[in-house]
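# A closer look at the structure
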Amino acid sequence: VQLQASGGGLVQAGGSLRLSCTASGVIYSINSMRWYRQAPGKQRELVAGITSDGSTNYADSVKGRFTISRDRAKNTVYLQMNSLKPDDTGVYYCNAVITGATSITNHWGQGTLVTVSS
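Computed from a predicted model, the values in this text were never measured in an experiment. (Residues numbered from 1 in each chain as written. Predicted model: local features only at pLDDT ≥ 70, side-chain atom pairs only at ≥ 80, totals over all residues. Heavy atoms only, no water.)

## Concerning unusual backbone geometry
For clarity, the cut-off: Segments assigned H or I by DSSP are reported as helices when at least four residues long, segments assigned E as strands when at least two residues long, and all are numbered from the N terminus. Using a 1.4 Å probe on the protein chains alone, a residue whose accessible area is under 20% of its type maximum counts as buried, one over 50% counts as exposed, and one in between counts as partly exposed.
We note that N75 has phi near 50°; this positive angle belongs to a residue other than glycine. Summarising the element assignment, N75 is placed in the loop between β7 (66-71) and β8 (76-81). Of the residues examined, N75 reaches a relative accessible area of 24% and is grouped as partly exposed. Phi at S83 takes a positive value of approximately 50°, unusual for a residue other than glycine. By the secondary structure assignment, S83 is in the loop between β8 and β9 (90-99).

## Quick look at the packing of aromatic side chains
What describes a pair of aromatic rings is the distance from one ring centre to the other and the angle between the planes of the rings. The following threshold applies: Geometry of aromatic contacts follows a simple scheme: Phe, Tyr and Trp rings, the Trp one being its six-membered ring, pair when their centres are within 6.5 Å, and the pair is stacked under 30 degrees between planes, edge-to-face over 60, tilted otherwise. Only when the NZ atom of a Lys or the CZ atom of an Arg is both within 6 Å of the ring centre and within 35 degrees of the ring normal do we say a charge sits over the ring.
According to the stated counting rule, one finds one aromatic pair in the structure shown. Sitting above the plane of the Y93 ring, R44 keeps its charged end 3.8 Å from the centroid.

## Some points on the sheet that holds β8
Applied cut-off: Two strands pair if DSSP finds at least two bridges between them. Think of each axis as a best-fit line through the C-alpha atoms, taken over the contacting stretch in the case of a helix, with angles from 0 to 180 degrees between the N-to-C directions.
What the four strands build is an open sheet, ordered β1-β3-β8-β7; its pairing is antiparallel. Strand pairing shows two members of the sheet lacking a second neighbour, β1 (2-6) and β7, which therefore form its edges. Across this sheet, the average inter-strand angle for adjacent strands is 15°, counted without regard to direction. Pairing between strand β3 (residues 17-24) and β8: six bridges, direction antiparallel. Paired with T22 across the strands is T76, a residue of β8.

## Focus on the environment of G49
Selection criterion: By definition in these notes, contact holds between two residues if any of their heavy atoms fall within 4.5 Å.
Along the chain, G49 falls in strand β5 (residues 45-51). Accessibility expressed as a relative area gives 2% for G49, which makes it buried. For the pair G49 and S69, spaced 20 residues apart in sequence, the C-alpha separation works out to 8.8 Å. Excluding anything up to four places from it in sequence, G49 contacts M33, R34, S55, T56, N57 and I68.

## Some remarks on the nonpolar core
What counts here: Working definition of a nonpolar core: buried Ala, Val, Leu, Ile, Met, Phe, Trp, Tyr and Cys residues. They are joined through side-chain atoms within 4.5 Å.
Within the largest apolar cluster, 28 residues are counted, with the highest numbers of intra-cluster contacts made by W35, V47, F66, L79, M81 and Y92. Counting residues per element, the ones that place at least two in this core are β1, β3, β4 (29-38), β5, β7, β8, β9 and β11 (112-117). In contact with M81, other than residues within four places in its own chain, are G15, S16, L17, L19, R65, F66, Y92 and V114.

## Topic: the state of the cysteines
What counts here: Disulfides are defined as cysteine sulfur pairs within 2.5 Å.
Under the defined criterion, the tally for this structure stands at one disulfide. A sulfur-sulfur distance of 2.0 Å marks the disulfide that ties C21 to C94. The chirality of the disulfide connecting C21 with C94 is right-handed, given an S-S dihedral of about 55°. Here C21, found in strand β3, pairs with C94, found in strand β9; they are 73 residues apart in sequence, far enough to count as distant. The class for C94 is buried, based on a relative accessible area of 0%.

## Describing the environment of R18
On the secondary structure map, R18 appears in strand β3. We classify R18 as partly exposed; its relative accessible area is 47%. For the pair R18 and Y28, spaced 10 residues apart in the sequence, the C-alpha separation amounts to 26 Å. Once you skip the residues sitting within four places of it in the chain, R18 turns out to touch S6, G7, Y78, L79 and Q80.

As structure tokens, this is what we get:
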């Protein structure tokens with residue numbers, strides 16, 4: 001299984017970006033998908049997650065500004081980021097817990113850089 005993330009870039013404060021992450025390979029079902037981010041010099045933190053039944057959760061710092069969604073048919077998760085702030089700068093990683101042919105496994109994408117200028 002591979003996760004391919006895209007959509008990062010440079011944006012001014014107050015702007016928007018949409019990240020995408022697509023899972024490919026032998027996938028029976030996707031249990032959950034999450035977005036994490038890591039700012040320079042800081043630990044990786046959970047930004048948002050969505051479960052197989054559509055339940056979502058968000059870090060307090062992004063509530064009301066970010067929206068996570070998924071397209072089951074495309075095995076893709078999206079992160080719509082609005083009203084971006086310089087503190088949102090970092091490398092964004094997607095994560096998926098996937099049920100395969102014989103096991104449940106945890107997977108990470110390669111990361112996509114988001115830079116928000118003030």
